[in-house]
Amino acid sequence: QVQLVESGGGLVQPGGSLRLSCAASGIIFSIYAMHWYRQVPGNQRELVATITSAGITNYADSVKGRFTISRDNAKNTVYLEMNSLKPEDTAVYYCNTRDIFGEEYWGKGTLVTVSS
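Figured I'd write up the structure that's included with this text. A quick note: this is a predicted structure, and the numbers were derived from the prediction, not measured.

**Structural notes on the sheet that holds strand β1 (residues 3–7)**
The pairing of strands in a sheet comes from backbone hydrogen bonds and takes either a parallel or an antiparallel form.
Stage number 1. Judged by pairing direction, the sheet is antiparallel, and its 4 strands sit side by side in the order β1-β3-β8-β7 without closing on themselves. For this open sheet the edge positions go to β1 and β7 (67–72), each flanked by a neighbour on one side alone. Sheet twist, expressed as the average angle between the axes of neighbouring strands with direction ignored, equals 15°.
Stage number 2. Pairing analysis gives 6 bridges linking strand β3 (residues 18–25) to strand β8 (residues 77–82), with the strands arranged antiparallel. Note on β8: the bridge partner recorded for alanine 23 is threonine 77.

In structure tokens form, the structure reads like this:
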């Protein structure tokens with residue numbers, strides 16, 4: 001059974017930093033691309049960052065230069081380092097992957113609140 005468990009969210013002041021983690025189980029982690037999405041209530045879920053199995057990364061324009069996605073295949077974990085946080089980064093952040101059959105898996109999310 002595939003499980004994705006996010007952690008690391010919380011309340012941070014504008015300009016601050018947070019590091020999110022997503023621990024995966026039930027998959028051969030190293031062969032899958034991993035993604036971070038975020039969602040504000042009432043809005044569609046937005047793709048924030050992607051890291052492929054080869055370590056190639058891609059980011060939404062809104063977070064380029066501020067967020068960094070990385071992975072540790074030995075720990076089956078993907079990270080999202082978020083710096084220079086802005087109030088508009090406030091959202092629930094979700095970890096996502098798709099298996100070789102195209103089935104999607106989601107974590108339950110972790111809330112990030114950027115506020116003074």
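This is not the end of the story, as more comes after the structure.
**What about the state of the cysteines?**
Stage number 1. Per the counting criterion, the structure on display carries 1 disulfide.
Stage number 2. The side chain of cysteine 22 participates in a disulfide bridge whose partner is cysteine 95; the two sulfur atoms lie 2.1 Å from each other. As the torsion about the S-S bond is roughly -80°, the cysteine 22-cysteine 95 disulfide counts as left-handed. On the criterion of sequence distance, the pair formed by cysteine 22 in strand β3 and cysteine 95 in strand β9 (residues 91–98) is long-range, its members being 73 residues apart. Residues cysteine 22 and cysteine 95 agree in their burial class; the two are buried.

**Some thoughts on a nonpolar patch on the surface**
Stage number 1. A grouping of Ile28, Ile31, Ile100 and Phe101 is seen on the molecular surface, where their side chains present a nonpolar patch of about 500 Å² in accessible area.
Stage number 2. Of note, isoleucine 28 is situated in the loop between β3 and β4 (34–39).

**Points about the packing of aromatic side chains**
Stage number 1. This model, assessed by the stated rule, comprises 2 aromatic pairs.
Stage number 2. Relative to tryptophan 106, the ring of tyrosine 94 lies with its centre 6.3 Å away and its plane at 90°, an arrangement referred to as edge-to-face. Taken together, the positions of tyrosine 94 in strand β9 and tryptophan 106 in strand β10 (residues 104–106) put the pair 12 residues apart, joining distant regions of the chain.
Stage number 3. Every member of this aromatic cluster is reached through a ring pair, and the members are Tyr37, Tyr94 and Trp106.
Stage number 4. It is arginine 19 that lies over the ring of tyrosine 79; its NZ or CZ is 4.0 Å from the centre.
Stage number 5. The cationic tip of arginine 45 hangs over the ring face of tryptophan 106; the distance from NZ or CZ to the ring centre is 4.5 Å.

Calculation notes
- Residues numbered from 1 in each chain as written.
- Predicted model: local features only at pLDDT ≥ 70, side-chain atom pairs only at ≥ 80, totals over all residues.
- Heavy atoms only, no water.
- Pairing = 2+ DSSP bridges.
- Helix = DSSP H or I, 4+ residues; strand = E, 2+ residues; numbered from the N terminus.
- Axes fitted to C-alpha atoms, helices over the stretch in contact; angles between N-to-C directions.
- Disulfide = S-S within 2.5 Å.
- Buried < 20%, exposed > 50% of the residue type's maximum accessible area, 1.4 Å probe, protein only.
- Patch = residues over 30% accessible without salt bridge, like charges linked within 9 Å, V, L, I, M, F, W, Y side chains within 5 Å.
- Areas by Shrake-Rupley, 256 points an atom, 1.4 Å probe, with all protein chains shown as cover.
- Salt bridge = Lys/Arg side-chain N within 4 Å of Asp/Glu carboxyl O.
- Phe/Tyr/Trp six-rings, centres within 6.5 Å; stacked < 30°, edge-to-face > 60°.
- Lys NZ or Arg CZ within 6 Å of the ring centre and 35° of its normal.

Such coordinate-based values are descriptive only and should not be taken to indicate function.
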